[in-house]
Amino acid sequence: MDLKVDYVAKLARIKLTPEEEAKFSEDLNKILEHFKELQSLNTDKIKPLTGGTDLKNTLRQDGEKIREADGSKLQKSFPDEEKGFLKVPPVFE
Amino acid sequence: MDNLKGLTIKKFSEGLRDKEFSATEVTKSLFDYIDSKDKEIKAFLSLHKDDALARAGEVDAALASGEKLSSLAGVPIAIKDNMLIEGSIATGGSKILKDYKSSYDATVIAKLKENKAVFLGKTNLYEFAMGSSTENSAFQITRNPHDVSRVPGGSSGGSAAAVASDMAVAALGSDTGGSIREPASFCGVVGMKPTYGAVSRYGLMAMASSLDQIGPFGKTVEDAAILFKAIAGYDSKDATSFQTDYGDELTNPSLADIKNLTVGIPEEYFVEGLDKEVGEAIDKVIAEIKNLGLKVKPVSLPHTKYALSVYYIIMPAEVSTNLSRLDGIRYGTREAAKNLTDLYYEDKGAGFGPEVKRRIILGTFVLSAGYYEAYYAKAQKVRRLIKEDFENVFKSGVDVILTPVAPTPAFKIGEKTDNPLHMYLSDIFTIPLNLAGLPGISIPVKGRGAKLPIGFQLIGRPWREADILGLGQIYERA
């Protein structure tokens, strides 16, 4: 079995219950088994398709652009704040 | 009002013009109807009654003052709850955003506001648009109006069910692997996924950014065309959006042009696992299209069988990246935690449902060191082969490809919840288009009577929505 669910969950910073871990381990390893069919295709000379579009460098003209920002609307969705600042738990205990 | 049944955008705007009813009257009657009908269907997560009636009132006033209005003015529309309307709750079908209020309008909403459309409310979806049934929403299970023991399809199941049950005249959905077309097929309505880049995704909760598109639901192909035309167009806020000129041919197809199209039937879509009834229904459509005078020929898309694997590598990879923003810091719910790292674990653990977690784990894995080449890079290469299959068919003189939408009609609630692989198979005919960026539409097969609806899919060349919408309109009128 390739996929160690507890290890990957740590990489994703996500808490799983023991039941979830067991169920995902079974489901996902079945799904990985299915992916093996791709290995039968020779793709040595194929360039990866990295997105949904052929557009490249869709950048606007370099120059000043002033956007009216209304911070108060964003502040309203803060889960916790103090004096208008976003508040988070301590980084270190 | 007794004329809500089968009320289309077209009929609504004619009725409004001829003063058969006012926008306010229709909106009020719809809310009365929703209040009783939605107890059974559970399509809506929230209703915007005050806002909708205020907008309808403005349309009536504008009409009284002789203002010239768009054909969408006053049209009561339902919006999938992963698109933002400023000042109102947008949950994405997830507990983690149950109280989240949007601070801006999605571009599609802004465009519909310019057209003076009326928003009835937000519709239910599979959590963060991640499944084919709308069973795994954090809030409710939406039911199929044709048989309430069955699923409406997903993930835009609420939007499809609202239109199918006449609770909304039209709706918006989003489609990453079939999330508009499969529910349209299951509910017997029209649903289209436009070409990748045709509609701005600004203000749509990102799921898998190289695949996501917003598209219309309607009761007729013509309505889907009207709604699509209103939301399409370049937007500097979405770097993948594209400047295109969609002319009148979207809504006024010429029979002569459509008759000149060649339709391809890919053998790989008529394989084991395709329900017999679906196969027979599609055969009937093919016969009817031949009768209309179009050329029909067999074609081959040889890499079709790999599409499911490619999709279930690329999509979760993008999901795991996109959803990492939901960490309890800037918005959403926040669980108690003693430090920052803990907060991430606790918030995601408590806020996400099982399918979302499963996809984040899978996506994180396929992107992780040591596995990236074998899975993600490999999938991107096969994705190109799938796209080239379509390009080769279009180069051979085929204009439109006709296929089933889903292997079966709507399945029973609970039938596929235990085995994710079974659920994933519902999307085998819709996924390849997202991988290739092509437009596709699901149109109900005519003459099903009381039987469960079945949709057929028309696939067009990039930016040729006019071909699939045009053929669809000719088919539904014939």
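Keep in mind that this is a model prediction, so the values were computed, not measured.

Let's talk about the overall build of chain A
Right, so step 1: The helix and strand inventory of chain A stands at 3 helices and 2 strands.
Right, so step 2: Of the regular secondary structure in chain A, the N- to C-terminal order runs α-α-α-β-β.
Right, so step 3: Relative to the compact-globule value of 12 Å for 93 residues, chain A shows a C-alpha radius of gyration of 23 Å, a clear excess of over 25%.
Right, so step 4: Dimensions of chain A, computed from C-alpha atoms along their principal axes, come out at roughly 55 × 45 × 20 Å.
Right, so step 5: Counting over 93 residues, chain A shows a buried share of 16%.

Looking at the overall build of chain B
Right, so step 1: Counting its regular elements, chain B contains 16 helices and 11 strands.
Right, so step 2: A compact globule built from 478 residues should have a C-alpha radius of gyration of about 23 Å, and chain B, at 21 Å, falls within 12% of that.
Right, so step 3: C-alpha extents for chain B along the principal axes are approximately 65 × 55 × 45 Å.
Right, so step 4: Counting every position in chain B, which comprises 478 residues, the buried fraction comes to 60%.
Right, so step 5: If you take every contact in chain B between residues at least 6 apart in sequence, the share linking residues at least 24 apart comes to 76%.

Topic: the interface of chain A and chain B
Right, so step 1: At the interface, 47 residues of chain A touch 56 residues of chain B.
Right, so step 2: Taken together, the elements giving at least two residues each to the side of chain A that touches chain B come down to helix H1 (5–11), helix H2 (18–35) and helix H3 (71–75) of chain A.
Right, so step 3: No other element matches H2(A), which puts 8 residues into the side of chain A that touches chain B.
Right, so step 4: Split into classes, the residues belonging to the side of chain A that touches chain B amount to 27 nonpolar, 8 polar and 12 charged.

Description of unusual backbone geometry
Right, so step 1: Looking along the chain, the bond that leaves B:Gly154 and enters B:Ser155 is cis, with omega of 5°.
Right, so step 2: Along the chain, B:Ser155 turns up in the loop between strand S3 (118–123) and helix H5 (157–164).
Right, so step 3: Even without being a glycine, A:Lys83 presents a positive backbone phi close to 50°.
Right, so step 4: Looking at the secondary structure, you find A:Lys83 in the loop between strand S1 (81–82) and strand S2 (85–86).
Right, so step 5: For B:Thr134, which is not glycine, the phi torsion reads 60° and is therefore positive.
Right, so step 6: Of note, B:Thr134 is situated in the loop between S3 and H5.

Some points on the sheet that holds strand S8 (residues 295–299) of chain B
All names here are of chain B.
Right, so step 1: Spatially, S1-S3-S2-S4-S6-S5-S10-S11-S9-S7-S8 is the arrangement adopted by the 11 strands of the open sheet, whose pairing is mixed. Every interior strand has two partners, whereas the edge strands, strand S1 (44–47) and S8, have only one. Direction aside, the axes of adjacent strands within the sheet are offset by 25° on average.
Right, so step 2: In the sheet, strand S2 (residues 76–80) pairs with S3 via 5 bridges, with the strands oriented parallel. Bridge assignment links Lys80 to a residue of S3, and that residue is Thr123.

Digging into the UniProt feature "active site" (unreviewed entry) in chain B
Residue and element names in this part refer to chain B.
Right, so step 1: The feature "active site" (unreviewed entry), as given by UniProt, occupies Lys80, Ser155 and Ser179 in the numbering adopted here. Across 100 residues in sequence, these annotated residues keep their C-alpha atoms within 11.0 Å of one another, forming a single compact spot.
Right, so step 2: Among the residues examined, Ser155 registers 35 C-beta atoms within 10 Å and is labelled buried.
Right, so step 3: Beyond its immediate stretch of four places on either side in the chain, Ser155 contacts Leu125, Tyr126, Ala129, Met130, Gly131, Thr134 and Ser179.
Right, so step 4: Here Ser179 shows up in the loop between strand S4 (170–175) and helix H6 (181–187).
Right, so step 5: Discounting residues that sit within four places of it in the chain, Ser179 has contacts with Ala129, Gly154, Ser155, Ser156, Gly173 and Ser174.

Here's the deal with the environment of B:Ile141
Residue and element names in this part refer to chain B.
Right, so step 1: If you trace the backbone, Ile141 turns up in the loop between S3 and H5.
Right, so step 2: According to the C-beta neighbour criterion, Ile141 is partly exposed, with 16 such atoms within 10 Å.
Right, so step 3: In this structure the C-alpha to C-alpha distance between Ile141 and Gly158, which are 17 residues apart in sequence, comes to 9.2 Å.
Right, so step 4: If we ignore the near neighbours within four places in the chain, the residues touching Ile141 are Lys42, Thr134, Glu135 and Ile413.

Considering the pairing of strand S6 (residues 213–218) of chain B
All names here are of chain B.
Right, so step 1: For S6, the buried fraction is high: 6 of the 6 residues fall into the buried class.
Right, so step 2: Where S4 and S6 come together, 5 bridges link them in antiparallel fashion. Across the sheet, the residue bridging to Asp175 is Gln213, located in S6.
Right, so step 3: By the bridge criterion, 2 bridges tie strand S5 (residues 190–193) to S6 in an arrangement that is antiparallel. By the bridge assignment for S6, Val190 is matched with Gly218.

Comments concerning helix H9 (residues 276–291) of chain B
Residues and elements named next belong to chain B.
Right, so step 1: Compared with an ideal rise of 1.5 Å per residue, which puts 16 residues at 22 Å, H9 spans 23 Å between its outermost C-alpha atoms and is within 8% of the ideal.
Right, so step 2: Burial in H9 covers these residues: Val278, Ala281, Ile282 and Ile289. Burial along H9 is one-sided: seen end-on, the buried residues are contained in an arc of 95°. Facing away from the buried surface of H9 by more than 90 degrees, the exposed residues are Lys276, Glu280, Asp283, Ala287, Lys290 and Asn291.
Right, so step 3: Check the buried side of H9 and you find it contacts strand S7 (262–266), S8, strand S9 (400–404), strand S11 (455–460) and helix H16 (465–477).
Right, so step 4: Gly293, located one to two residues past H9, shows a positive phi value of around 105°.

Thoughts on the packing of helix H2 (residues 23–41) of chain B against helix H3 (residues 49–64) of chain B
Residues and elements named next belong to chain B.
Right, so step 1: Viewed as axis vectors pointing N to C, H2 and H3 meet at an angle of 160°, and their least axial separation amounts to 8 Å. Here H2 is positioned roughly antiparallel relative to H3, judged by the angle of their axes. Residues Ala23, Thr24, Thr27, Lys28 and Phe31 of H2 pack against Lys49, Ala52, Leu53, Ala56, Gly57, Val59 and Asp60 of H3.
Right, so step 2: In the contact of H2 with H3, the residues fall into 6 nonpolar, 3 polar and 3 charged.

Digging into the packing of H2(A) against helix H12 (residues 354–366) of chain B
Right, so step 1: Packing of H2(A) against H12(B) leaves a shortest axis separation of 11 Å and a crossing angle of 55°. Of the possible angle classes, the one that applies to H2(A) and H12(B) is oblique. Regarding H2(A) and H12(B), the two cross each other, and that crossing is right-handed. The segment H2(A) lies against H12(B), with A:Glu20, A:Phe24, A:Asp27, A:Leu28 and A:Ile31 engaging B:Pro354, B:Lys357, B:Arg358, B:Ile361 and B:Leu362.
Right, so step 2: Of the residues in the contact of H2(A) with H12(B), the class split is 6 nonpolar, no polar and 4 charged.

A short note on the pairing of S11(B)
Residue and element names in this part refer to chain B.
Right, so step 1: Within S11, 6 of the 6 residues are buried, leaving the element largely enclosed by the surrounding structure.
Right, so step 2: Going residue by residue along S11, you find Gly455, Gln457 and Ile459 tucked away on one face and Phe456, Leu458 and Gly460 tucked away on the opposite face as well.
Right, so step 3: Here 5 bridges tie S9 to S11, and the two strands are oriented antiparallel to one another. Each bridged residue has a counterpart across the sheet, and for Thr403 the counterpart in S11 is Gln457.

What counts as what
Residues numbered from 1 in each chain as written. Chains lettered and ligands numbered in written order. Predicted model: local features only at pLDDT ≥ 70, side-chain atom pairs only at ≥ 80, totals over all residues. Helix = DSSP H or I, 4+ residues; strand = E, 2+ residues; numbered from the N terminus. Rg over C-alpha atoms; globule rule 2.2 N^0.38 Å. Buried ≥ 20, exposed ≤ 12 C-beta atoms within 10 Å, placed from the backbone. Contact = placed C-beta atoms within 7 Å. Nonpolar A, V, L, I, M, F, W, Y, C, P; charged D, E, K, R; others polar. Pairing = 2+ DSSP bridges. Axes fitted to C-alpha atoms, helices over the stretch in contact; angles between N-to-C directions. UniProt positions renumbered as here; feature names shortened; annotations may be inferred. Expected span 1.5 Å × (residues − 1). Arc of directions from axis to C-beta. Parallel < 35°, antiparallel > 145°, perpendicular 65-115°, else oblique. Left-handed = near helix turned anticlockwise from the far one by under 90°.

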